[in-house]
Number of protein chains: 2
Amino acid sequence: MINTLVAKVKRVLQGCNVIAASEEGVKLLGSVGSPFVIRVQIALVLKGIDYKFVPENLANKSELLLKYNPVYKKIPVLVHNEKPISESLVILEYIDETWTQNPIFPSDPYQRAMARFWCKFIDDKCVAAALKSVFMVDEKERKKASEELSNGLQFLEDELKDKFFGGEEIGIVDIAALFIPLLQEVAEFHLFSKGKFPKLHKWSREFYNHPVVKETMPSKEQQFAYFKVVTERLAALSK
Amino acid sequence: MINTLVAKVKRVLQGCNVIAASEEGVKLLGSVGSPFVIRVQIALVLKGIDYKFVPENLANKSELLLKYNPVYKKIPVLVHNEKPISESLVILEYIDETWTQNPIFPSDPYQRAMARFWCKFIDDKCVAAALKSVFMVDEKERKKASEELSNGLQFLEDELKDKFFGGEEIGIVDIAALFIPLLQEVAEFHLFSKGKFPKLHKWSREFYNHPVVKETMPSKEQQFAYFKVVTERLAALSK
C-alpha cells in the first residue's frame, strides 16, 4: 500500500521528465512479450520516460531494425535523438546514466561491479539454459540445460538477501532476472516453489506485484503469443 | 616519441596514486599469459595502480580462487581491500570507476554505451570464435568458427575510425580486443595483413607499440606456455 503510494508520488514528481523525454524523441524498437524488450520498458517506466513503441515483426524484420542494429539485427533497440543502442543490458546502463532519477544501479563502485557481475551471470548462465530447457528438441540436451539452470538459480537464491536483488527497491539485477518469473508464469515451468528456491519464489511474487512491473508487463496472452512465434521460428531453423 | 614522453610524464604524475593504491591492497589472481588477465594488467598500469600478482595454477586451482570466484572458478580475480571482483570486463569498469585518472571509458553516455556494445561483441562474437578457430578438433566446426571470426573482424574493421578504438589513446575497446593481435602473434594465426583487414593490421601494430602495452605484455614464450596449458586442458576435457 505504502509502496504503491510512494510510486505514485514519484511518478507525479517525474512529470516534468516525462514531457522532456517525449520532446527528446525516445523510440523503442521491440516486440510485445519479448523479455529483453520488457527489461527496457520497465527501466523507462521506472524513470518516468515517455517513449514511442515501434513494433517489429521478427519474421520480417524492418529496414529500420537492420539499419539500427546491423550487427545482431535483434530487438530491443532504443533510439534516443536518432542515435540507436542495442543489447538490453547496454541499453539499461545508458538509461541509468542518461536519466539519473530513480537509479537502477547502486552508486557504490563495488556494488555496481557486483550488479554487473550478476546481470552477466543471468544472461550467460540462466537465460540461455532456461531457453534451452524449454525449446531444445533433444531430450538429453534439454535435461543438461535444466540442470545448468538449477545450478544458476541456486547461486541467485543464495545471493538474494533483501526484498529485491536491488534492496528495498527494484534494481538492475531484478530487471535482468525477470526472465525467470516470466518463464515460470508463461511456460508454466516449475522453476521454483515454496519448497524449491523459496527466496526466488517470494521474490518473484514481490516482483510481479511491484506497481511499475504490473503496469509494464504485457498480458499473459501477449506473452504466450510471443513465445509461440519464437518456438515456431526455432523449430523452423532446426529443420 | 612524443607519446612515450607523455606516457612517462603521466606515470610520474601518478606517483602518489601508485603509493596510495599499494597501501589500499590491490591483488590480482591470474596466470601469466592469459589474455583476460592481461586486460586487467594493462588497465592497472594505465592507471598507475601498484598491485600484487598472485599466480594461479589452472590445473590445480587454489582455495583462494575458489573462495573469491565460487561461481566461475576462473581468473582473473581482482581483490581490492579484500573484496573480490571477477569477469574481466566487470573488473575493467570497476577500475575505471574507482581510479578516475587516465579514463579508459568515454565520458559521454552514448559513447560509453557504444564502448560497452563493442566489448560485449568482442567477447560474444570474436573471442569465442577465435578460440574455436584455434582449438576445435573437428575441422567442420573449426571452419565455421573461422568464418564467424572473419565476420566479426569485418565489423571491427568498419568500426575503427582513429588510431585506436578509443581515439588517440587506448581505451576499453582496445583493451578488450587485445585478444586479436595476441592470437595473430602467438598462434601465428593469419587473421589480418596489409591486404586483409588493413585497419586492424595497423591498429595491432600501434597497440603493441604503446608504451603501457609494451611494458605489460608477457614475453612470447610466456604466452606460448599459457596457450599450451589451455590447449592441453581442452584436449583432456574433450577425451
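Source: prediction; values computed, not measured.

> Even after reading the chapter, I still don't get helix α9 (residues 179-186) of chain B, so can you show me in this structure?
Turn by turn, an α-helix covers 3.6 residues, leaving residues three or four places apart pointing in a common direction. Residues and elements named next belong to chain B. The element α9 is largely enclosed, with a buried count of seven among its eight residues. Here α9 has its buried residues at Phe179, Ile180, Pro181, Leu182, Leu183, Gln184 and Val186. Downstream of α9 by one or two residues, glutamate 188 has phi in the positive range, about 45°.

> Is there a simple way to think about the sheet that holds strand β4 (residues 83-86) of chain A in this case?
Adjacent strands of a sheet pair through backbone hydrogen bonds, lying either parallel or antiparallel. Residues and elements named next belong to chain A. Strand order in the open sheet formed by four strands is β2-β1-β3-β4, with mixed pairing between adjacent strands. Single-partner strands in this sheet number two, and they are β2 (52-55) and β4. For this sheet, the mean angle separating the axes of adjacent strands, direction not counted, is 25°. Strand direction decides the pairing type here: strand β1 (residues 26-30) and β2, joined by four bridges, are parallel. Directly across from glycine 30, in β2, lies its bridge partner proline 55.

> Help me out: how do you make sense of the relation of the copies chain A and chain B in this one?
The relation between the two copies of this chain is a rotation about an axis and a shift parallel to it. Superposing chain A onto chain B requires a rotation of 180° together with a translation of 0.0 Å along the rotation axis, leaving an RMSD of 0.0 Å. On the angle and the small slide along the axis, the relation comes out as a two-fold axis. When the interface residues of chain A are mapped onto chain B, 100% of them again fall at the interface, so both copies present the same face.

> Sorry if this is basic, but what is going on with the packing of helix α5 (residues 88-98) of chain A against helix α6 (residues 109-135) of chain B here?
Axes are the key here: two packed helices are described by the angle between their axes and the distance separating the axes. It is at 9 Å that the axes of α5 of chain A and α6 of chain B come closest, and there the two elements cross at 160°. When the interaxial angle is binned, α5 of chain A and α6 of chain B end up roughly antiparallel. Judged by the twist between their axes, the crossing of α5 of chain A over α6 of chain B is right-handed. Within the contact between the two elements, α5 of chain A uses Val90, Glu93, Tyr94, Glu97 and Thr98 of chain A and α6 of chain B uses Pro109, Tyr110, Arg112, Ala113, Arg116 and Phe117 of chain B. The class makeup of the residues in the contact of α5 of chain A with α6 of chain B is six nonpolar, one polar and four charged.

> Can you help me understand helix α5 (residues 88-98) of chain B in this one?
Taken across its 11 residues, α5 of chain B has nine buried, putting it largely inside the fold. Ser88, Leu89, Val90, Ile91, Leu92, Glu93, Tyr94, Ile95 and Asp96 of chain B are the residues of α5 of chain B that are buried.

Calculation notes
Residues numbered from 1 in each chain as written. Chains lettered and ligands numbered in written order. Predicted model: local features only at pLDDT ≥ 70, side-chain atom pairs only at ≥ 80, totals over all residues. Heavy atoms only, no water. Buried < 20%, exposed > 50% of the residue type's maximum accessible area, 1.4 Å probe, protein only. Helix = DSSP H or I, 4+ residues; strand = E, 2+ residues; numbered from the N terminus. Pairing = 2+ DSSP bridges. Axes fitted to C-alpha atoms, helices over the stretch in contact; angles between N-to-C directions. Least-squares fit on C-alpha atoms with pLDDT ≥ 70 in both. Contact = heavy atoms within 4.5 Å. Parallel < 35°, antiparallel > 145°, perpendicular 65-115°, else oblique. Left-handed = near helix turned anticlockwise from the far one by under 90°. Nonpolar A, V, L, I, M, F, W, Y, C, P; charged D, E, K, R; others polar.

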